[in-house]
Amino acid sequence: MNATLTYLAGFGNQHQSEAVPGALPAGRNSPQRVAHGLYAELVSGSAFTAPRHANLRTWLYRRRPSVQVGGYTPLAHAWLKTGSAGGVNAPPDPMRWHPVPIPDETTLPLDFIDGLRTMVVNGDADAQTGMAAHLVLMNRPMGRRAFTNADGEMLLVPQQGRLRITTELGLLDVAPGEVALLPRGMPFKVDPHGDGPARLARAYVCENYGAPFRLPELGPIGSNGLANPRDFLAPTAAFEADAGGYELVKKYGGELWRADAASTPFNVVAWHGNLVPFKYDTTTFMTIGSISFDHPDPSIFTVLTSPSDTPGTANCDFVIFPPRWLVAEDTFRPPWYHRNLMSEFMGLVHGQYDAKPEGFKPGGASLHNSMVPHGPDAEAFDKASAATLAPHKLDDTLAFMFESRWRFRPTAFAMSGGALDTGYAACWAGLQDRFRP
């Protein structure tokens, strides 16, 4: 399998690809006999009667149907949690975590599945609401092992190390600064794409139980801005020719299950549809900002949104804070002190976040739940208050936020796994009463 992409794919548009000429049927989706002796199989990512613009489905033409698998049995996983019930009681405090070290393979071998560590959860996968934010630590490939998430789609945000993602529809090579979106119910495997130290990889993962991610509406922004559909790239059809069995691991109802299959699930020779894995390079995001005064709301940095039943109040938003110019006049340029309806789980891919130079490190994370006050630390406040307000570019930085209308509950791993920054609140201790009537 070679990693190639369908360029100018477009998010949500219809796509098609074939690894062998003539494998895609002409004129009908399921002819009586598919070319080359292939099987036709349909994957539906929405209800059959969903509106046309929201109807997600892809036809697969494969060497063996996916039903050809043995019975599933439970697979234990200590650190993978689902829904609000998977969290623990925690106070309404701002929280922050140091980067979790990636162990050496000889000490603790971890592939993508074994390396998942749930940090925060909300909602209910069976009710198709909410999300979970995970860390994943990897030091070895998955080999003859594949993962399917029947509970939700997964958005991968690499932080350290390149990843090769094998999907039913082809390969995606993803590096820090890029993200990958993997549809619900579609098998994949994630491997560190390097040798030696480069084999160590860490990523953030958003598991979305709610409405599938889509591009946000642009409203008054107009036709240009934020993430452009043409920059979401789909894989080109490819299949594994190697013989031999696979272990299939499925997340289903919040639990992991395993089964043996006689052959690879990555046997799709051709496909067409709009339920497709994508990769996206965050450097193509067109930032919008203030050119007069005041700090704009972070909603202008939304890449993808999962709507809820309340218009404008998302089940989950994926927001990035990439390099950008700051030019506002007579304005405190970092985020001001605030408390929001929405709950915010943040991570830092690289560089420095402008509001937290003191202790927010690449690979770390923070949580500010609904109505929990937060904002710049004392160092950022002093620096921003005295800065000369000339045009300034924030460079060499990439932070992101998983934002949700539902309160996040941290997990036992998050609270007791050793990475919790118990001194986080001290970053505001230096703020003084400056009132001078």
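Thresholds applied
- Residues numbered from 1 in each chain as written.
- Predicted model: local features only at pLDDT ≥ 70, side-chain atom pairs only at ≥ 80, totals over all residues.
- Heavy atoms only, no water.
- Helix = DSSP H or I, 4+ residues; strand = E, 2+ residues; numbered from the N terminus.
- Rg over C-alpha atoms; globule rule 2.2 N^0.38 Å.
- Buried < 20%, exposed > 50% of the residue type's maximum accessible area, 1.4 Å probe, protein only.
- Contact = heavy atoms within 4.5 Å.
- Areas by Shrake-Rupley, 256 points an atom, 1.4 Å probe, with all protein chains shown as cover.
- Salt bridge = Lys/Arg side-chain N within 4 Å of Asp/Glu carboxyl O.
- Pairing = 2+ DSSP bridges.
- Polar contact = N/O pair within 3.5 Å; in protein donor to acceptor, adjacent residues only side chain to side chain.
- Axes fitted to C-alpha atoms, helices over the stretch in contact; angles between N-to-C directions.
- Core = buried A, V, L, I, M, F, W, Y, C linked by side-chain atoms within 4.5 Å.

Draft legend 1. Up close: the overall build of the protein. Looking only at helices and strands, the protein has two helices and 28 strands in total. By the compact-globule yardstick of 22 Å for 437 residues, the protein fits well, its C-alpha radius of gyration being 22 Å. Counting only C-alpha atoms, the protein reaches 85 × 50 × 40 Å along its principal axes. Here the protein holds 437 residues, and 52% of them are scored as buried. Considering only intrachain contacts with a sequence separation of at least 6, the fraction spanning at least 24 residues in the protein is 78%. Put simply, the protein shows about 19700 Å² of open surface, and 53% of that area lies on carbon and sulfur atoms.

Draft legend 2. Inspection of the environment of Pro 197 at higher detail. Position of Pro 197 relative to the elements: it lies in the loop between β14 (188-192) and β15 (201-208). By relative accessible area, Pro 197 is classed as exposed at 70%. In this structure, the C-alpha to C-alpha distance between Pro 197 and Gly 161, residues 36 residues apart in sequence, is 8.9 Å.

Draft legend 3. Here's a closer look at the pattern of salt bridges. On inspection of all chains with the given rule, the structure shows 16 salt bridges. Here Arg 140 makes a salt bridge to Asp 114, at a shortest N to O gap of 3.6 Å. In this pair, Arg 140 sits in the loop between β8 (131-138) and β9 (145-149) while Asp 114 sits in the loop between β6 (95-97) and β7 (116-121), placing the two residues 26 residues apart along the sequence. The residue Lys 251 makes a salt bridge to Asp 151 at a minimum N-O spacing of 2.8 Å. With Lys 251 in strand β17 (residues 246-252) and Asp 151 in the loop between β9 and β10 (153-160), this pair connects stretches of sequence that are 100 residues apart. Comparing Lys 251 with Asp 151, the two get one shared label, buried.

Draft legend 4. Highlighting the pairing of β17. Burial analysis of β17 places five of its seven residues in the buried class, which makes it a mostly covered element. By the bridge criterion, five bridges tie β9 to β17 in an arrangement that is parallel. Within β17, the residue paired with Ala 146 across the bridge is Leu 248. Judged from the seven bridges that link them, β17 and strand β18 (residues 255-261) form a sheet pairing that is antiparallel. When the sheet's bridge partners are listed, Val 249 is paired in β18 with Arg 258. Between β17 and β18, which pair antiparallel in sequence order, lie two residues; one of them, Gly 253, sits at a positive phi of approximately 65°.

Draft legend 5. Focus on the environment of Gln 68. When you line up the elements, Gln 68 lands in the loop between β4 (57-62) and β5 (73-75). Of the residues examined, Gln 68 reaches a relative accessible area of 44% and is grouped as partly exposed. Remark: the alpha-carbon pair of Gln 68 and Asp 260, spanning 192 residues in sequence, is separated by 9.7 Å. In terms of polar contacts, Gln 68 uses its side chain to reach the side chain of Arg 64, at 3.2 Å.

Draft legend 6. Quick look at the sheet that holds strand β2 (residues 15-18). Taken together, the four strands give an open sheet; going across it, the order is β2-β19-β4-β3, and neighbouring strands pair in antiparallel fashion. With partners counted over all chains shown, the strands left at the sheet margins are β2 and β3 (39-44), one partner each. Between one strand and the next, the sheet's axes are offset by a mean angle of 20°, whatever the strand orientation. Relative to strand β19 (residues 268-273), β2 runs antiparallel, the two sharing four bridges. What sits directly across from Ser 17, in β19, is Trp 271.

Draft legend 7. Local environment of the nonpolar core. One finds Leu 304, Phe 318 and Phe 402 to be the most contacted residues of the largest nonpolar core, which totals 63 residues. Setting aside residues up to four positions removed in sequence, Phe 402 forms contacts with Met 131, Ala 133, Leu 155, Val 157, Val 205, Cys 206, Asp 317, Phe 318, Ser 343, Glu 344, Phe 345 and Phe 408.

Draft legend 8. Highlighting the sheet that holds strand β22 (residues 316-321). Strand order in this open sheet of six strands is β6-β25-β24-β27-β22-β21, and the pairing throughout is antiparallel. The two strands at the open ends of the sheet, each matched to only one other strand, are β6 and β21 (302-306). Along the sheet, successive strands turn relative to each other by an average axial angle of 15°, direction set aside. The pairing of β6 with strand β25 (residues 365-368) spans three bridges and is antiparallel. Across the sheet, residue Trp 97 finds its bridge partner in β25, namely Ala 365.

Draft legend 9. Region of the structure containing the environment of Asp 173. With respect to the helices and strands, Asp 173 occurs in strand β12 (residues 170-174). In this structure the C-alpha to C-alpha distance between Asp 173 and Arg 162, which are eleven residues apart in sequence, comes to 7.3 Å. Among the polar contacts listed, one links the side chain of Asp 173 to the side chain of Arg 164, at a separation of 2.8 Å.

Draft legend 10. Spotlight on the side chain of Asn 274. When you line up the elements, Asn 274 lands in the loop between β19 and β20 (278-281). Accessibility expressed as a relative area gives 8% for Asn 274, which makes it buried. At a separation of 2.9 Å, a polar atom in the side chain of Asn 274 contacts the main-chain carbonyl oxygen of Asn 55. Residues within four places of Asn 274 in sequence aside, it is in contact with Gly 12, Asn 13, Gln 14, Asn 55, Leu 56, Arg 57 and Thr 58.

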